[in-house]
Amino acid sequence: MTENILEISNLSISYFSRSGEIPAVVDFNLVLKQGESIGLVGESGCGKSTVAMAIMQYLNGNARIVGGSIRFKGRELTRLSAKELQQIRGNEIAMIYQEPMASLNPTLLIGEQLIEVLRCHQKINRHEAQAQALDMLVNVHLPDPARVMQAYPHQISGGQQQRVVIAMALLAKPALLLLDEPTTALDVTVEAGIVDLIGELAARFNTSMIYISHNLGLILETCSRVNVMYSGQIVETGAVKNVFDRMKHPYTKGLFDCIPLPSTDKHSRPLKPIRGQLPLPHQRPKGCFFGPRCDHFQPGRCDSATIGISSLPRQPDHAVRCVRWQEIDLDTPQAPQQEASGGTGHGAELLKISDMQKYYEVHDRSLTALLKGDNVKVVKANENISFSAHAGETVAIVGESGCGKSTFAKVLMGLETASSGEVLLNGESIADKHVTERRPDQTRAMQMVFQNPFDTLNPSLSIGTQLARVIRKFGAIEGKAAIQARVLELLNLVKLPAEFAHRKPRQLSGGQKQRIGIARAFAGNPSVVVADEPVSALDVSVGAAVTRLLMDIQQQQHTSVIFISHDLSLVRYLADRVVVIYLGNIVEQGSTEQVFAPPYHPYTEALISAIPVADTTVQKKRVILEGEIPSAMNPPAGCPFSSRCPRKIGSICDEKKPELTSAQSGHKIACHIPLAELLEVEPVFALNQTVTVSPPLQPEPLRSATA
Amino acid sequence: MEKTSNNPHPLHSLLTTIGLLRESRVAMLGAAICLFWVLVALFADVLAPHDPLSNLMPMQKPLSENPQGGLFWLGTDLLGRDILSRIIYGTQTVLIYAPLATLTAYLVGIVMGLAGGYYQGRVDMVLSFVANVILSFPVLVLYILIIATIGSSGINIILAVTFASAPGIFRIVRGLAMDLRNREYVAAAQTRGESALWIMFVEILPNARGPLIVDACLRMGYVIITIGVLGFLGMGLPPPTPDWGGMISDARKLFPVFPHMAIFPCVAISSLVLGLNLLSDGLREISLND
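If you're wondering where the values come from, they're calculated on a predicted model, not measured in any experiment.

1. Examining the overall build of chain B
And then number 1: The helix and strand inventory of chain B stands at 12 helices and two strands.
And then number 2: For chain B, the N- to C-terminal ordering of α and β elements is α-α-α-β-β-α-α-α-α-α-α-α-α-α.
And then number 3: Along the first, second and third principal axes, the C-alpha atoms of chain B reach 75 × 50 × 25 Å.
And then number 4: Within chain B, residue pairs in contact and separated by at least 24 positions form 69% of the contacts whose partners lie at least 6 positions apart.

What follows is the structure, encoded as structure tokens:
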């Protein structure tokens, strides 16, 4: 009845380099039916993208298919000529990449690029092509499609660009759509819209999809079947629901243990990172590739022979590549390492920020601006920031890109000074003090962990030298031997071996570099650490380990952490209090339980609903935001969120800026909607009671609902 | 992945740098040519068959015999000095002044470039303006102006070359510094209260070294040509110092009759510059491999 669009059997792909053949993908099998969507999930370097490129027959020069076949609609793709492939690519198989700006030609009008696709693959005239292109832009829900046709790619936002890319991919009505991390470069609320769109369009055009992602939550939202890949192999495959609810492979289990789920919190289910690292392709162990990192490893069995993939009895669809899967019980949680749920009592107030503002002046030197006399524009990066942080407490600052999070961090660290308002560190004002004017003990008291692991360490200096410099700079310890001892102590603190002191940053993996970044921040025993998206650039299993480490050190040293992030699931998991920022304004703040439960600010509600959740037992309410975040140079006159708010109540929102009003003790919301009305909003997450193996200690917002 | 010893010795890191050269044949060839000339300069006393300054027999063709014994391998010049010996001793001149002049040009260019790229704003505006003014002069006119004003001597050649090349180096360093100052390790240094000098010279400069080393090799080639040109124009080192450019200048009028007097110094200049260019190309290739 339903034909197979794509059949991949025993596919093996290798890269050939100076050091010989490096197998990137081994023994890959996949069957994709008409209209079906399959997810490929795994960490970076596991071979996901290589598979996609092989399907497109678009592998790198040094990569070769060394075995197996890829059959698309019965035709063997590996044996097609360049001319035949040209007919298939873009026409029958289309691909969507991660970076939308890089997929569009910046020098051509968008309309031109869309028409080009049609004219290339179909014999139609310009006029018809234009009509079809416009039609497709309507399908991807772009506002004002006629204007978009006449725009260059840089004139529209990232989310709109990705919609154009999707429109372009669908123009030729392909039978197969490959999506390689299509939303990774986008903000969460924008991502939610794109994911929705992809699902809607696939259903309408009956397109088959292969969805590549590292995010299990997105796979659950978009796909019906999933392939979990590890180090070039599929380790588990099956229907999404089966794999997510009754996973059989220890790696799949490990992946789930690395991500915070909304049904749990840091006390009931601490993140459990997978130890070790993904092996390099030429250093794969014998037998099971996951062996060295697996808790269920059994010498003699797991490391003897190559392991095949075997189906579960009664479920031929669900298969797993593990010799011990029948013996391992992954369902019952291993003795939960209940650390005495510390962090209950927070210490003294360390940091107090009140009415902090940061404005930038932008000089417009164009002639027209000079003539009009408005050559100075003001960017209101931070409008009214007020909150405080106590010792041992984690305060999360949440918002999308462009909301002023990074500016705020810069003011805290003294790289910029506040335009007005007060920042008190241990009771002393530092708002107008540049870092060079602060006392050494003040700089030492506040340190930062940066976002990009590949940028955070000076590539020219060894790890030891860099840590020693920080220690010396803060002057706490004198003498070469004492400093050296402290360096080793710090390395030990972040669980890295002592010989790393002699290494250069390029010899370290991303996670290890981020650990050094943490060690550097804690070198002077700071009282406040600002962490700016510290794990967003890392793979989930590595990120979980780094998060865990940061929390452990924080608890040990009773440090206050300001955690800046856009990842609400992570924030929910580790923060004590949350501050939600939109366009430089605090729209909601309170304890984590308060912020994640009604009453919500409408923006918080949208943010929470945008979290992709990798839990089949959770029912999620969808709130999709229209439009884009406005420019901080020209914010809405009234409520900053009024231009996108789905719950706007009328002209008051456009005219008057709402004040932060207290909802409960410590919980403040800035919204014109009466509190009583906000209280009636149903929670974003609800547990699907029928399947639940109810987790212990249910947190606040997960009231069982009759969904 | 390369194996690294736990205690990297300075000598060890030098050896690995040389080991890297072997990745590129072009770099190896360039390095070999440069090394050849360096050895010639070092052992000039041993290698030169005659005294470069004594007038022996004027206007001899190559391979003609010296009555006092030995051969004039490359002939003699107008005043009867042995051309081979003068080229050999001329190597010393070139290999002393060219690297020195490049070095001083780099010192000035790096300081200006780091300041402009790191501080930006007004500092950068002033520095860029000065650099652009200098760059807008034809180089040759600039050299003639400078040397005519301050007179010709070794030090003054270095000064002139520094003045003319520093703006170009300024631009490169400034561009690199503007990029590198936005790295997070620079922010980390700022947040721990490091001084601007520390940030410029420890956090930024070492990480700009790759492109700068490549450029330095190339630029040294230009400087060698420049010194040749200055010598040719009679503004080089005062005679009778053996100087390749000066030799070509002396031989110019007799070129139709005795081409060898000019050709051999020309070959010397070209081969050394070629060697440096090849080395620079090769280094770029290797740095891309990394």
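From this point, the discussion proceeds with the structure in view.
2. Here's the deal with the confidence of the model for chain A
Residue and element names in this part refer to chain A.
And then number 1: Mean pLDDT over chain A works out to 82, with 93% of the residues at or above the 70 mark.
And then number 2: pLDDT under 50 marks residues 335-344. Its contacts with residues more than four places away, or in other chains, come to six contacts.
And then number 3: This model gives residues 689-707 a pLDDT under 50, and the stretch forms 31 contacts once residues within four places in sequence are excluded.

3. Things to note about the interface of chain B and chain A
And then number 1: With 17 residues of chain B at the contact, the number on the chain A side is 22 residues.
And then number 2: Take the side of chain B that touches chain A: its biggest share by element is six residues, from helix H8 (residues 184-191) of chain B.
And then number 3: Its residues placed into classes, the side of chain B that touches chain A shows five nonpolar, seven polar and five charged.

4. A closer look at the packing of helix H7 (residues 154-180) of chain B against helix H10 (residues 209-232) of chain B
Residues and elements named next belong to chain B.
And then number 1: Between H7 and H10, the least distance of the axes is 11 Å, while the angle of their chain directions is 155°. As the angle between them shows, H7 and H10 are arranged roughly antiparallel. In the packing of H7 onto H10, the handedness of the crossing is right-handed. From H7, Ile157, Val161, Ser165, Ile172 and Leu176 reach across to H10, where they touch Pro211, Asp215, Arg219, Val223, Thr226, Ile227 and Leu230.
And then number 2: In terms of residue class, the contact of H7 with H10 is built from eight nonpolar, two polar and two charged.

5. Some remarks on helix H11 (residues 250-258) of chain A
Since the α-helix turns once every 3.6 residues, residues separated by three or four places project in the same direction.
Residue and element names in this part refer to chain A.
And then number 1: For H11, a buried count of eight out of nine residues is recorded, marking the element as mostly surrounded by other parts of the structure.
And then number 2: Of the residues making up H11, those classed as buried are Pro250, Tyr251, Thr252, Lys253, Gly254, Leu255, Asp257 and Cys258.
And then number 3: If you follow the buried residues of H11, they end up packed against helix H9 (216-222), strand S9 (225-230), strand S10 (233-239), helix H10 (240-245) and helix H18 (540-557).

6. Some details on the pairing of S10 of chain A
All names here are of chain A.
And then number 1: Among the seven residues in S10, six count as buried, and that is most of the element.
And then number 2: In the sheet, S9 pairs with S10 via six bridges, with the strands oriented antiparallel. Across the sheet, the residue bridging to Met229 is Ile234, located in S10.
And then number 3: In this antiparallel pair of consecutive strands, S9 and S10, the connection spans two residues, and Ser231 shows a positive phi of 50°.
And then number 4: Here two bridges tie S10 to strand S12 (residues 315-320), and the two strands are oriented antiparallel to one another. By the bridge assignment for S12, Thr237 is matched with Ala319.

Conventions used here
Residues numbered from 1 in each chain as written. Chains lettered and ligands numbered in written order. Predicted model: local features only at pLDDT ≥ 70, side-chain atom pairs only at ≥ 80, totals over all residues. Helix = DSSP H or I, 4+ residues; strand = E, 2+ residues; numbered from the N terminus. Contact = placed C-beta atoms within 7 Å. pLDDT = per-residue confidence, 0-100. Nonpolar A, V, L, I, M, F, W, Y, C, P; charged D, E, K, R; others polar. Axes fitted to C-alpha atoms, helices over the stretch in contact; angles between N-to-C directions. Parallel < 35°, antiparallel > 145°, perpendicular 65-115°, else oblique. Left-handed = near helix turned anticlockwise from the far one by under 90°. Buried ≥ 20, exposed ≤ 12 C-beta atoms within 10 Å, placed from the backbone. Pairing = 2+ DSSP bridges.

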